[in-house]
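Chain by chain, the residues run as shown.
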Amino acid sequence: MSPHILVLTAFPDMDIATRLAQEIVQTRLAACVNILPQAKSVYMWQGKQCMDSEYIVIMKTTESRYQKLQSFIQSQHPYELPEIIATPITQGLDDYLDWMAKSVST
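The paragraphs below set out a description of the structure included in this document.

Rules of the game
Residues numbered from 1 in each chain as written. Predicted model: local features only at pLDDT ≥ 70, side-chain atom pairs only at ≥ 80, totals over all residues. Heavy atoms only, no water. Pairing = 2+ DSSP bridges. Helix = DSSP H or I, 4+ residues; strand = E, 2+ residues; numbered from the N terminus. Axes fitted to C-alpha atoms, helices over the stretch in contact; angles between N-to-C directions. 1 Å grid on protein atoms, 1.4 Å probe; cavity = no way out; pocket = protein on both sides within 12 Å on 5 of 7 lines; lining within 4 Å. Points joined across faces, edges and corners; volume = space filled by probe spheres on them. Nonpolar A, V, L, I, M, F, W, Y, C, P; charged D, E, K, R; others polar. Parallel < 35°, antiparallel > 145°, perpendicular 65-115°, else oblique. Left-handed = near helix turned anticlockwise from the far one by under 90°. Contact = heavy atoms within 4.5 Å.

Right, let's get into the sheet that holds strand β4 (residues 85–88). Taken in spatial order, the four strands of this open sheet run β2-β3-β1-β4, and their pairing is antiparallel. Across the chains shown, the open sheet's two edge strands, defined by having one partner strand only, are β2 (32–45) and β4. Neighbour-to-neighbour, the strand axes of the sheet open up by a mean angle of 30 degrees, direction not taken into account. Pairing of strand β1 (residues 4–11) with strand β3 (residues 48–62) involves eight bridges; the strand directions are antiparallel. Paired with H4 across the strands is T62, a residue of β3.

Right, dumping it as structure tokens:
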């Protein structure tokens, strides 16, 4: 398995997404964070269908930083149950992947 991963989450507003993205990069939990424009999310929550506007956030990091990143997101996220999904990066530009790893090394 690749040591490089993408981590996805969603935040209810741009201010929270931006503040946490900056903190995530400053603390070297991710090399880069992308905040995508407002999305419409449709989902079931506690037996009810919901529809909300959210900002999708994509974080590039390594497996070795994942648990700390997940803990940070959980502790700072305004949702009771935040979406936190990680997926491996199976291929990529070697120089970019090296930069990612160096950016999050402690």
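A word on the layout of surface pockets. Empty space among the atoms can be located by rolling a probe the size of a water molecule over them. There is about 280 Å³ of room inside the largest pocket. Every residue lining the largest pocket is counted, 13 residues in all, and those nearest its centre are Y43, W45, E54, Y79 and L81. Counting only elements with at least two residues in the lining of the largest pocket, the list comes to β1, β2 and β3. Of the residues forming the lining of the largest pocket, the biggest block, four residues, is contributed by β2. A per-class count over the lining of the largest pocket returns six nonpolar, three polar and four charged.

We now examine the packing of helix α1 (residues 14–26) against helix α2 (residues 63–76). One can describe the packing of α1 onto α2 by two numbers: an axis separation of 11 Å at closest approach and a directional angle of 150 degrees. If you check the angle between α1 and α2, you find them roughly antiparallel. For the element pair α1 and α2, the recorded crossing hand is right-handed. Counted together, R19, L20, E23 and I24 of α1 and L69, F72, I73 and Q76 of α2 form the full contact between these two elements. Considering only residue class, the contact of α1 with α2 consists of five nonpolar, one polar and two charged.

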